[in-house]
Amino acid sequence: MSEQDFDVVVLGGGSGGYAAALRASELGFSVGLIEKDKVGGTCLHRGCIPTKALLHAAEVADVSRDSSKFGVKTTFEGIDIAGVTSYREGIVAKKYKGLQGLIKARKITTIADEGRLTSPTTVQVGDETITGKNIILATGSYSRSLPGLDIGGRVMTSEHALQLDFVPERVAILGGGVIGVEFASVWKSFGSEVTIIEGLPHLVPAEDEAISKLMERAFRRRGIDFSLGVRFAGVTQDDSGVHVSLENGTVIDADILLVAVGRGPATSGLGFEEVGVAMDRGFVTTDDRLQTSVPGVYAVGDIVPGLQLAHRGFQQGIFVAEELAGLKPVIIPDINVPKVTYSDPEVASVGLSEAKAKEQYGDDKITAYDYNLAGNGKSEIIDTSGLIKVVRVNDGPVVGVHMIGARVGELISEGQLAVNWEAYPEDIAPLVHAHPTQSEALGEAFMALAGKPLHAL
Ligand SMILES: Cc1cc2nc3c(=O)[nH]c(=O)nc-3n(C[C@H](O)[C@H](O)[C@H](O)COP(=O)(O)OP(=O)(O)OC[C@H]3O[C@@H](n4cnc5c(N)ncnc54)[C@H](O)[C@@H]3O)c2cc1C
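This one's a predicted model, so the numbers in the text were calculated from it and none came from an experiment. (Residues numbered from 1 in each chain as written. Predicted model: local features only at pLDDT ≥ 70, side-chain atom pairs only at ≥ 80, totals over all residues.)

Caption draft 1: Local environment of the nonpolar core. Counting 125 residues, the largest nonpolar core has Val-10, Ile-136, Leu-137, Ile-173, Leu-257 and Leu-258 as the members making the most contacts within it. Looking at which element gives the most residues to this core, the answer is helix α6 (residues 178–190), with eight residues. For Ile-136, the residues in contact, after removing those within four places along its chain, are Val-8, Val-10, Leu-11, Gly-17, Ala-20, Tyr-298, Val-300 and Val-320. (Core = buried A, V, L, I, M, F, W, Y, C linked by C-beta atoms within 7 Å. Buried ≥ 20, exposed ≤ 12 C-beta atoms within 10 Å, placed from the backbone. Helix = DSSP H or I, 4+ residues; strand = E, 2+ residues; numbered from the N terminus. Contact = placed C-beta atoms within 7 Å.)

The structure is reproduced here in structure tokens:
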């Protein structure tokens, strides 16, 4: 039996855990970071980064197919999946190396094994007891399935889908949320026939309804099929493929079924309950400063109920480290965390949807302005259409920004500043957006809401 003692022990080295470790060490704490697999976690190895590499390859495929529109002659010969894989793996490997270097440079001790919480101040790793004055739980999440829907063979989650060494001819996707829609977009660009099954009435159902409807229109135009408001009934598989039946009697035949119905917290069997950490359906519940029911034990990232996003994990990790240092960090509510769906078209949003804002403030207290990207020069140049919608409280701040169109994910940084700083459109309207950029469309919406539209009525 051996022992290691730290100021802060972090269990799990994904986005939330490693951000906590980096910030804690920067603040002068000694830090032990326990990771059973690879630092970087889901986001770096199986999530954000590899899927965005796939989406970029998909964009290149589309651009090369359509290049004659821009007067450029190319011949699209097809997808070399081995080439795509090596590009994707190369990006992940570089980022992984960089992260390992950073962790080492910050003098964080990494403990490469599985840990189990054994008391409010200890984690057991093999026969070693790791002690921390404070412990941060950051064990992340796993791809969920539905009751009775077994994963295996042609029925797979995003982890398996990423590893495919072929482009399936026909794909069925269960779930029209972010992950489902992003894979649908990639496979369509790679040449597959794609059908999405979503039980709720819209694709990307967490978004403002106007944006979801435009997403549906864009996907329809791209030839991506979807069934909305229909529940999955069952699936069988054989040598010819998968046969997915819906409750309305429809059967969808495909080569594979991607199950993208959400992610569950990876918390079972890790000793949390035994130590008295309060849980709710597997998630670790915390107060608004991310402390669990056990004083001195904190939780960050996907195990904390709410948005499951890497940058929320980063923010929470930094928050807890600063909280431990007595810096009294500012709470960022989930609603003010920006969300991006990186499909073609992209969707980006922050703050309240128009419907939620009206629910919260009253119908007559809210004004929403829609700026159509058709009026934006740069969007025309890059051949994208879409919408920017800004929601404000009358005589009050911007409370929501919602966008759809190519590359709008890059614009959400301005939206999140406006919403988090509770800026009034009148504060932003006099400021200058460079021409020609897509950010001008956001500027136009702010100007219109401030009562002085330029390229709009
Ligand atoms: C396909 C896909 C695409 C995504 N795309 C995006 C995106 O574009 N943008 C975005 O913001 N988010 C995206 N996400 C979500 C993002 O990946 C997660 O929100 C983020 O990784 C959560 O970070 P985390 O630290 O909570 O958990 P994780 O990243 O899951 O990390 C948890 C870590 O803890 C380790 N661990 C678990 N238990 C133990 C134990 N007992 N002992 C030691 N180590 C342990 C695991 O090995 C893992 O490395 C995507 C997710 C998926 C699946």
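Caption draft 2: Quick peek at the sheet that holds strand β13 (residues 241–246). Reading across from one edge, β12-β13-β14 is the order of the three strands in this open sheet, with antiparallel pairing throughout. Edge strands, defined here as strands with exactly one partner in the open sheet, are β12 (232–238) and β14 (251–254). Across the sheet, the mean angle from the axis of one strand to that of its neighbour is 20°, orientation sign disregarded. With six bridges joining them, β12 and β13 adopt antiparallel strand pairing. Across the sheet, Gln-237 pairs through a bridge with Val-242, a residue of β13. (Pairing = 2+ DSSP bridges. Axes fitted to C-alpha atoms, helices over the stretch in contact; angles between N-to-C directions.)

Caption draft 3: Unusual backbone geometry, seen in detail. The amide bond that connects Asp-344 to the next residue, Pro-345, takes the cis arrangement and shows omega of 0°. Position of Pro-345 relative to the elements: it lies in the loop between β20 (339–341) and β21 (346–351). At the junction of His-435 and Pro-436, the peptide bond is cis and its omega measures out at -10° in the coordinates. Unusually for a residue other than glycine, Arg-281 sits at a positive phi of about 50°. For Arg-281, a count of 9 C-beta atoms within 10 Å translates into the label exposed. Phi angles above zero are rare outside glycine, and Arg-407 is one such case at about 65°. Within the secondary structure layout, Arg-407 lies in the loop between β24 (398–405) and α12 (412–420).

Caption draft 4: Here's a closer look at the site of the ligand. Around the ligand, the surrounding shell holds 37 residues, and the nearest of these are Gly-12, Gly-14, Gly-41, Gly-140 and Gly-301. The set of elements that each furnish at least two residues to the shell around the ligand consists of α1 (15–26), α2 (41–46), α3 (48–66) and α9 (310–324). The leading source of residues in the shell around the ligand is α2, at four residues. Tallied by class, residues from the shell around the ligand come to eleven nonpolar, 19 polar and seven charged. (Near = placed C-beta within 6 Å. Nonpolar A, V, L, I, M, F, W, Y, C, P; charged D, E, K, R; others polar.)

Caption draft 5: Molecular detail of α6. In this model, α6 (13 residues) spans 18 Å end to end at C-alpha, consistent with the 18 Å of a helix rising 1.5 Å per residue. The element α6 is largely enclosed, with a buried count of 13 among its 13 residues. Just downstream of α6 lies Gly-191, where phi reads positive at about 110°. (Expected span 1.5 Å × (residues − 1).)

Caption draft 6: Highlighting the sheet that holds strand β9 (residues 170–174). Taken in spatial order, the five strands line up as β8-β15-β9-β10-β11 in an open sheet, and their pairing is parallel. With partners counted over all chains shown, the strands left at the sheet margins are β8 (155–156) and β11 (225–228), one partner each. Where strand β10 (residues 193–198) and β11 come together, four bridges link them in parallel fashion. When the bridges of β11 are listed, Thr-195 appears paired with Asp-225. Packed onto the sheet, α6 meets β9, β10 and β15 (256–259) and runs at close to 165° relative to β10.

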